[in-house]
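# Structural characterization, general
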Amino acid sequence: MFKNKTILVTGSCGFIGSYLCMRLLKECEDIKVVGLDNMNDYYDVSLKESRLNEIISLNKNFTFVKANLADKKALDELFNKYHFDIVVNLAAQAGVRYSIDHPDAYIESNIIGFYNILEECRYHKPEHLVYASSSSVYGGNSKIPFSTDDKVDNPVSLYAATKKSDELLAHAYSKLYAIPSTGLRFFTVYGPAGRPDMAYFSFTNKLVNNEKIKIFNYGNCQRDFTYIDDIVEGIIRVMDKAPTNEVPYAIYNIGNNHPENLMDFVRTLASVLIDNDVLPKDFDINNSMELVPMQPGDVPITYADTSALEKEFGFKPNTSLKDGLNEFAKWYKDYYKNKES
C-alpha cells in the first residue's frame, strides 16, 4: 500500500496526524511522508514535540516542516519541491468553546489555510486530497444517528461553520478542477497522547489535582467516542480509494456508532484511572463532579451513522470505551511519571 508514494500530512504533530504518520511509516514500504505543523501553543507544545520525537525515532523516510497553512509562499515551496501523490489535511484550529473567544484563529487556519491547500492541489494535481471535517457540522441535528445525507446548514459554533465551509470549498474545487477529495467527519476522538482540551484528558488533569470537574447539561449529554486507532484505520482505507464519480467528491462519518452517556463515561474514566494507579484506590468520583448547564456551541448528542464507511471500505470502528480509556490511562501514567522523574 502506498508504495513509492510521497504523502503530505498537515497537522503532523497533532493527535491524529502523529498517529497517522507513525502508522504509515511503520507499515508502508518505500513511502515518503512529509509532515507539516506550525507547533502553535493552543495546548502544551511539549506534547507536540514528544509526538514529533516519536515519529523521528522510527528512523524512517520522514521530513518535518514547521510552517503555517496560511503562509501561501511556504506551501508553494513545499508542493513544488515534493509533488505529493496524496495530501492529508489534518491541520486545523480545533475546539468548539475556544472559537467563541478566538475566532481569528479559526478563520486563518480552517478557512484561509484550507483554501491554500486547495489551490496547491488545483495546480499540482495529487491523486487524492483527504481532509478532516467534524461531527460538529451536524449542529443540533435532532435526527439520529447522524447521516452524511442529512442537511447540515445550521452550525451552532464558528468551529462547525468553518468545517462545513471546508466541505463546500472542497466540493467546488472537485467539480471545477477534478480534484478527487474526501472529507471525514470525525466523532469525539480520544486515546493516548491526545488533546489536553478534550474532556477525558482535561477531566483526568483536574481529578489528579483534586479539582472538581464540570458535567455539562447536568449530565444529559451523549457522545460517540471514537478511539484513535479506529480513526487512523479509517483514514488509511479512505486514502487508498479516491472517489471516481463525475464530481470526484465524497464525505464519510468515522465514529463508533455507539453514543455514551456522559455520566457513564465519567464513571468509566474514573474506574480505569483507579485501576492504573493514576487515582488512589479509595477515590470517590461522586465527590468530584459539579453539574452545570449546557455551554454555548455544545450539542446534547453526537451519534455517527457509519454504514457508508462500512459499505465502501469494509470497516467499522469498534473499540469499546473502557478498552480505549484504559489505554489512555496507561499512557497518562507513563508519560507524566517520566516527566516528573
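Higher on the page you've got the structure.
Residues numbered from 1 in each chain as written. Predicted model: local features only at pLDDT ≥ 70, side-chain atom pairs only at ≥ 80, totals over all residues. Heavy atoms only, no water.

Applying the stated criterion across every chain yields a total of 14 salt bridges. Notably, a salt bridge pairs Arg23 with Glu27, separated by 2.8 Å at the nearest N-O pair. With Arg23 and Glu27 both in helix α1 (residues 15–27) and 4 residues apart, the pair spans about one turn of that helix. Among the residues examined, Arg23 registers a relative accessible area of 21% and is labelled partly exposed. Among the salt bridges present, the one from Asp150 reaches Lys143, with a minimum N-O distance of 3.0 Å. Note on Lys143: relative accessible area 43%, which makes it partly exposed. Taken together, the shared-partner salt bridges in this structure form one network comprising Arg23, Glu27, Glu233 and Arg237. (Salt bridge = Lys/Arg side-chain N within 4 Å of Asp/Glu carboxyl O. Helix = DSSP H or I, 4+ residues; strand = E, 2+ residues; numbered from the N terminus. Buried < 20%, exposed > 50% of the residue type's maximum accessible area, 1.4 Å probe, protein only.)

Within the secondary structure, Leu90 is located in the loop between β4 (86–89) and α4 (98–101). In this structure Leu90 comes out as buried when scored by relative accessible area, which is 15%. Expressed as a C-alpha distance, the spacing of Leu90 and Ile111, which sit 21 residues apart in the sequence, is 13 Å. With residues near it in sequence (within four places) discarded, Leu90 still touches Val9, Thr10, Gly11, Ile16, Gly17, Leu20, Ala132, Phe186 and Ile235. (Contact = heavy atoms within 4.5 Å.)

Before going further, it helps to examine helix α7 (residues 199–208). Among all positions of α7, only Tyr200, Phe201, Ser202, Phe203, Thr204 and Leu207 are buried. Once α7 finishes, Asn210 follows within two positions and takes phi at roughly 60°, a positive value.

Attention now goes to unusual backbone geometry. Residue Pro145 is reached from Ile144 by a cis peptide bond, and omega for that bond is -5°. Mapped onto the secondary structure, Pro145 falls in the loop between β5 (128–134) and α6 (158–177). The phi torsion at Ala193 lies on the positive side, around 60°, for a residue other than glycine. You can see Ala193 is positioned in the loop between β7 (189–190) and α7. Residue classification places Ala193 among the buried positions, given a relative accessible area of 12%. Although it is not a glycine, Tyr218 adopts a positive phi angle of roughly 55°.

Another point: the pairing of β4. The two faces of β4 match: Ile86 and Val88 on one face and Val87 and Asn89 on the other face are all buried. Where strand β1 (residues 6–10) lies against β4, 4 bridges are found, and the strand directions are parallel. Within β4, the position partnered with Ile7 by the bridge is Ile86. The pairing of β4 with β5 spans 4 bridges and is classified as parallel. In the sheet register, Val88 faces β5, and the bridge partner there is Val130. (Pairing = 2+ DSSP bridges.)

Right, let's talk about the packing of α7 against helix α9 (residues 262–275) for a bit. At a minimum axis separation of 11 Å, α7 and α9 run at an interaxial angle of 55°. Comparing their axes, α9 and α7 come out oblique. For the crossing formed where α7 meets α9, the hand is right-handed. In contact with Ala199, Tyr200, Phe203, Thr204 and Leu207 of α7, α9 contributes Phe265, Val266, Leu269 and Leu273. Of the residues in the contact of α7 with α9, the class split is 8 nonpolar, 1 polar and no charged. (Axes fitted to C-alpha atoms, helices over the stretch in contact; angles between N-to-C directions. Parallel < 35°, antiparallel > 145°, perpendicular 65-115°, else oblique. Left-handed = near helix turned anticlockwise from the far one by under 90°. Nonpolar A, V, L, I, M, F, W, Y, C, P; charged D, E, K, R; others polar.)

Most of β5 is tucked away: 7 of the 7 residues are buried. Judged by which residues are buried, β5 turns out to be covered on both faces: His128, Val130, Ala132 and Ser134 on one side and Leu129, Tyr131 and Ser133 on the other are all buried. Looking at chain direction, β5 and strand β6 (residues 181–186) are connected through 6 bridges and run parallel. Bridging across to β6, Ala132 finds its partner in Leu184. Considered for its hand, the β-α-β crossover made up of β5, α6 and β6 is right-handed. (Right-handed = clockwise from strand over helix to strand, strands pointing away.)

Read across the sheet, 7 strands follow the order β3-β2-β1-β4-β5-β6-β11 without closing on themselves; strand pairing throughout is parallel. Taken across any chain shown, the strands that pair with only one partner, and hence form the sheet edges, are β3 (62–66) and β11 (249–254). The mean angle between the axes of side-by-side strands here comes to 15°, regardless of whether they run parallel or antiparallel. Note: β1 against strand β2 (residues 32–37), 5 bridges, orientation parallel. Looking across to β2, one finds that Val9 is bridged to Gly35.

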